[in-house]
Amino acid sequence: MAGLVNNLLILFLVFQNSCLGYRSPLSVFKRYKDTTRPLSNECLGNNRPVIPLGLTDFALDIRMPGVTPKQSDTYLCMSLHLPVDEEAYVVDFKPHASMDTVHHMLLFGCNMPSSTENYWDCDEGTCTDKSNILYAWARNAPPTKLPSGVGFKVGGKTGSKYFVLQVHYGDISAFRDNHKDCSGVTLHLTHQKQPLIAGMYLMMSVNTVIPPGEKVVDADIACHYKRYPMHLFAYRVHTHRLGKVVSGYRVRDGQWTLIGRQSPQLPQAFYPVEQPVDVSFGDILAARCVFSGEGRMTETHIGGTASDEMCNFYIMYYMEAKHAVSYMTCTQNVNPEMFRNIPQEANIPISVKPDMIMMTHGHHEENKNAAKSSLLQQPKREEEEILDQDFHIEEAVDWPGINIKLGQVSGLALDPEYNLVLFHRGDHVWDENSFDSRFVYQQRGLGPIEQNTILVIDPSNAAVLHSTGKNLFYLPHGLSIDKDGYYWVTDVALHQVFKLGAHDKAPLLTLGMALQPGNDKNHFCQPTDVAVDPITGTIYVSDGYCNSRIVQFSPNGLFIMQWGEETSSGTPKSGQFLIPHSLALIPDFAQLCVADRGNGRIQCFRLETGEFTKEIKHKSFGRELFAVSYVPGGLLFAVNGKPYPGDLEPVQGFVMNFSTGEIIDTFVPVRKNFEMPHDIVASEDKTVYVGDAHARTVWKFVSSEKMEHRSVKKAGIEVQEIKVRAVRTSVWIPLSQTQRSSSLSRWQAGIEAETIVEARLKNNNPISSDALKKQEKQHLVQQANTGVSFVLITTLLIIPIVVLLAIAVFIWWRKTMVYGADADHKVDSGSGRILGRFRGKGTGGLNLGNFFASRKGYSRKGFDRLSTEGSDQEKDEDDGTDSEEEYSAPPPPPVTSSS
């Protein structure tokens with residue numbers, strides 16, 4: 001206990017802030033709202049203080065009550081009283097913020113906040129007593145899952161009674177429209193006693209100085225550990241713009257064991273420790289931050305403003321409950337000499353792709369320019385160059401396709417093993433006879449579909465691995481799969497949503513009333529799609545053809561809230577829908593995107609509140625946009641609908657940057673044409689599947705980057721595919737080291753080599769003929785294109801030769817006619833000169849080849865407000881409708897038609 005008090009005293013003297021305390025971040029969550037403070041009308045959500053999540057669990061939402069900061073680097077705080085007196089444990093959390101508006105958030109636990117106002121300026125402090133940091137968020141960091149049986153103790157006799165949220169608004173240019181901000185975090189708490197108590201160990205430098213222009217500057221921190229054993233399970237790094245890499249280690253008997261290493265320019269999440277690390281009495285905990293002062297004109301100190309820096313390494317741990325300590329800190333370096341032996345990896349910067357730099361945004365032009373400059377100066381590894389190349393999505397022509405008869409393909413998803421799962425309608429068809437004017441299904445006499453409607457497909461060879469869904473559905477529509485592998489499907493005839501196990505014969509959960517359309521909490525009207533939050537299990541349903549809303553349910557199916565309305569006349573407004581047709585959950589940004597089909601656009605909303613965040617709309621979408629899918633890392637994939645008569649926009653697929661909405665690429669099949677692409681799903685490796693309702697098929701697309709550069713690993717073999725394009729031919733070959741050198745020489749002599757990499761064999765296994773055949777098939781399209789170029793070039797070269805030969809023959813014939821036999825010599829002489837000059841000019845061929853500094857002081861500016869976080873946000877200154885799935889119909893209104 002004395003050690004704990006000493007640590008608090010040190011922090012108090014350094015930062016002059018009694019609010020520096022640390023418990024630990026939480027990690028996964030439930031999102032609801034309390035009513036202990038008035039909320040802005042712009043902050044949608046429940047007005048209930050506590051939402052029961054069962055007999056022992058409840059959710060607590062902690063949000064800013066609709067604030068508008070008036071100046072940059074504003075720190076605002078608000079508090080919320082723990083609504084129970086007895087002991088509880090926080091087992092999950094989820095942030096609700098975007099770095100477009102919020103620089104960072106800190107959540108404290110304490111017994112008395114510094115103010116009783118709805119919110120206040122954090123210059124007044126956060127807590128009047130000691131406080132613990134429960135959670136820290138920055139740079140659109142995603143959530144982190146705590147291990148089972150681990151929780152953060154609050155309430156009771158010894159736990160915190162209040163939560164205090166501190167939000168740092170860095171660059172307030174996003175508030176030019178004076179909108180209200182409701183950023184915050186949702187907690188999932190339980191009364192079940194947890195056997196292991198979580199905590200946070202914070203390591204931070206307080207005396208680092210970064211000289212201007214200095215290329216490399218190290219900040220080292222190290223402390224002896226003198227407590228009961230703790231087990232480390234997650235870590236988080238934090239610097240501002242100048243940080244290149246932060247690494248943390250446990251040092252035991254001179255051996256350095258890595259806890260975690262990450263670039264602070266990536267989302268500052270709590271990343272899991274790859275290999276569990278235990279820390280015992282006598283060990284040393286050490287951390288190093290590597291900075292670069294390039295681009296700065298003055299010294300950079302530790303502080304809380306945009307021009308200052310920070311060096312923080314957070315460690316999340318758990319201990320046995322009887323020995324648990326909620327937080328510990330280290331702000332010194334007990335043994336500078338030991339860092340001579342730090343692993344070399346700690347000194348190697350982690351390169352960040354340019355699009356990730358843009359996604360982190362920023363405060364000042366100086367920071368943005370410096371970031372660009374330092375990025376250009378960093379050498380790239382070969383694999384990074386490959387990843388940074390532009391890619392193009394194109395059909396996988398070697399994919400055999402599904403070889404069984406399908407009905408109308410309505411839904412696609414990928415299961416946790418990345419198998420393709422499709423939802424189809426068997427022998428049932430949605431047409432103009434399916435529903436009456438009140439949307440009641442008219443073909444119940446047909447009974448449910450007798451075929452298996454859910455098929456699990458091997459993504460490599462299209463073989464059917466498993467099938468289910470027989471005698472359950474009438475008109476299948478949407479399909480999604482949650483993180484646990486459960487299927488979530490909608491049936492527009494039944495007006496219901498179902499949860500199914502992969503091998504279950506009956507639904508595990510049913511929402512809606514069978515064959516009864518409606519628009520209340522218990523009814524749907526032709527629901528289209530489902531999205532399930534991978535962290536909380538919260539269910540989102542797009543409802544649908546005859547309703548225009550998104551409905552939110554708890555994991556066990558309890559109605560929470562809804563948002564959306566029917567599109568009025570004129571330009572559709574935010575939150576209005578004309579068939580919300582497809583959902584894509586964006587966990588990286590805690591948003592839900594909706595393919596607003598009839599309005600030809602994508603609308604995105606905050607998960608917990610339904611608050612509108614952005615619209616993505618392009619002329620090339622045409623009048624309808626059917627489906628949308630998201631890939632972690634910031635890519636959106638979508639497909640539009642068949643154009644109306646007179647429209648010019650083709651039916652095609654789109655690849656977009658989620659942050660900017662920019663279209664990166666478009667794609668269509670090469671063997672046939674899209675007829676009605678109804679759903680789309682994409683994987684992290686940019687493999688895309690499109691289900692076509694009219695063509696009754698599934699298309700597979702891959703990126704050309706992947707086709708040309710990926711490693712093919714089969715039977716212990718790793719082969720790098722190489723493309724070398726010469727003037728007269730196109731060949732795909734694996735090159736040895738010797739061949740690479742030879743190829744470079746030939747390139748200088750006139751051959752253009754696009755990519756030169758090395759083919760490596762693992763375990764000395766020969767490359768099989770099947771593997772080589774597959775590689776050849778993967779490049780069929782590229783070879784065909786190259787073949788066209790070859791024919792064109794050859795034709796252009798042959799034409800003048802033929803013309804010259806014709807002239808020569810004509811001259812020979814004329815001279816024979818005029819001079820008789822004597823013409824032979826003269827013709828040989830003349831034609832020899834002509835052809836000789838031609839050959840002479842051609843004989844040359846076609847040449848296509850013609851951070852280390854003194855630590856004299858630091859800036860304390862901003863620490864009274866900032867605690868342990870500073871400015872690392874980079875703010876970018878630039879800131880028909882009827883269904884044709886089964887039949888053709890005229891333009892709006894669409895609700896009488898199908899999909």
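Structure's up top.
Fair warning: this is a prediction, and the values are worked out from it, not measured in the lab. (Residues numbered from 1 in each chain as written. Predicted model: local features only at pLDDT ≥ 70, side-chain atom pairs only at ≥ 80, totals over all residues. Heavy atoms only, no water.)

Visitor: An account of the packing of aromatic side chains is needed here, citing residue identities and associated values.
Guide: The tally for this structure, following the rule as stated, stands at 27 aromatic pairs. Put simply, the rings of Trp430, Phe435, Tyr441, Tyr474 and Tyr545 touch in pairs and so form one group of aromatic residues. It is Lys614 that lies over the ring of Phe658; its NZ or CZ is 4.0 Å from the centre. Directly above the ring of Tyr644 sits Arg623, whose terminal nitrogen or CZ lies 4.5 Å from the centroid. (Phe/Tyr/Trp six-rings, centres within 6.5 Å; stacked < 30°, edge-to-face > 60°. Lys NZ or Arg CZ within 6 Å of the ring centre and 35° of its normal.)

Visitor: An account of the sheet that holds strand β47 (residues 697-703) is needed here, citing residue identities and associated values.
Guide: Within the open sheet, the four strands sit side by side as β22-β47-β46-β45. Their pairing is antiparallel. The sheet terminates laterally at β22 (393-395) and β45 (677-682), the two strands that pair on one side only. Across the sheet, the mean angle separating the axes of adjacent strands is 30 degrees when strand polarity is ignored. (Pairing = 2+ DSSP bridges. Helix = DSSP H or I, 4+ residues; strand = E, 2+ residues; numbered from the N terminus. Axes fitted to C-alpha atoms, helices over the stretch in contact; angles between N-to-C directions.)

Visitor: An account of the sheet that holds strand β41 (residues 625-631) is needed here, citing residue identities and associated values.
Guide: Strands belonging to one sheet form pairs held by backbone hydrogen bonds; the direction of such a pair is parallel or antiparallel. Spatially, four strands are ordered β41-β42-β43-β44 in an open sheet, and the strand pairing comes out antiparallel. Each edge of the open sheet carries a strand with a single partner, namely β41 and β44 (663-667). For this sheet the average axis-to-axis angle between neighbouring strands, irrespective of direction, equals 20 degrees. Judged from the four bridges that link them, strand β43 (residues 653-657) and β44 form a sheet pairing that is antiparallel. If you follow Met656 over to β44, its bridge partner there is Ile663.

Visitor: An account of the state of the cysteines is requested, with residue identities and associated values reported.
Guide: Evaluated as defined, the whole model comprises six disulfides. Note that Cys77 is cross-linked by a disulfide to Cys122, the S-S spacing being 2.0 Å. With the S-S dihedral at roughly 120 degrees, the linkage between Cys77 and Cys122 falls on the right-handed side. Within this pair, whereas Cys77 is found in strand β3 (residues 74-81), its partner Cys122 is found in the loop between β6 (120-121) and β7 (132-138), the two being separated by 45 residues in sequence. The class for Cys77 is buried, based on a relative accessible area of 0%. (Disulfide = S-S within 2.5 Å. Buried < 20%, exposed > 50% of the residue type's maximum accessible area, 1.4 Å probe, protein only.)

Visitor: Give me the side chain of Asn657: which residues, what numbers.
Guide: Its place among the elements puts Asn657 in strand β43. A relative accessible area of 14% places Asn657 in the buried class. Here the side chain of Asn657 touches Thr660 through a polar contact of 3.2 Å, landing on its backbone nitrogen. If near-sequence neighbours (up to four positions away) are discounted, Asn657 is found in contact with Gly634, Glu662 and Ile664. (Polar contact = N/O pair within 3.5 Å; in protein donor to acceptor, adjacent residues only side chain to side chain. Contact = heavy atoms within 4.5 Å.)

Visitor: Mind laying out the pattern of salt bridges, listing which residues take part and the relevant values?
Guide: Tallying each qualifying case throughout the model produces 17 salt bridges. Two residues, Arg671 and Glu395, come together in a salt bridge whose shortest N-O distance is 2.6 Å. With a gap of 276 residues between them, Arg671 in the loop between β44 and β45 and Glu395 in strand β22 connect regions that are remote in the sequence. The buried category is assigned to Glu395, whose relative accessible area is 2%. Of the charged contacts, one joins Arg601 and Asp596 as a salt bridge, the two residues approaching to 2.8 Å between their closest N and O atoms. Residue classification places Arg601 among the buried residues on the basis of a relative accessible area of 1%. Look at Asp596 and you get buried, because its relative accessible area is 0%. What you see here is one network of salt bridges that share partners, running through Arg250, Arg252, Asp278 and Asp283. (Salt bridge = Lys/Arg side-chain N within 4 Å of Asp/Glu carboxyl O.)

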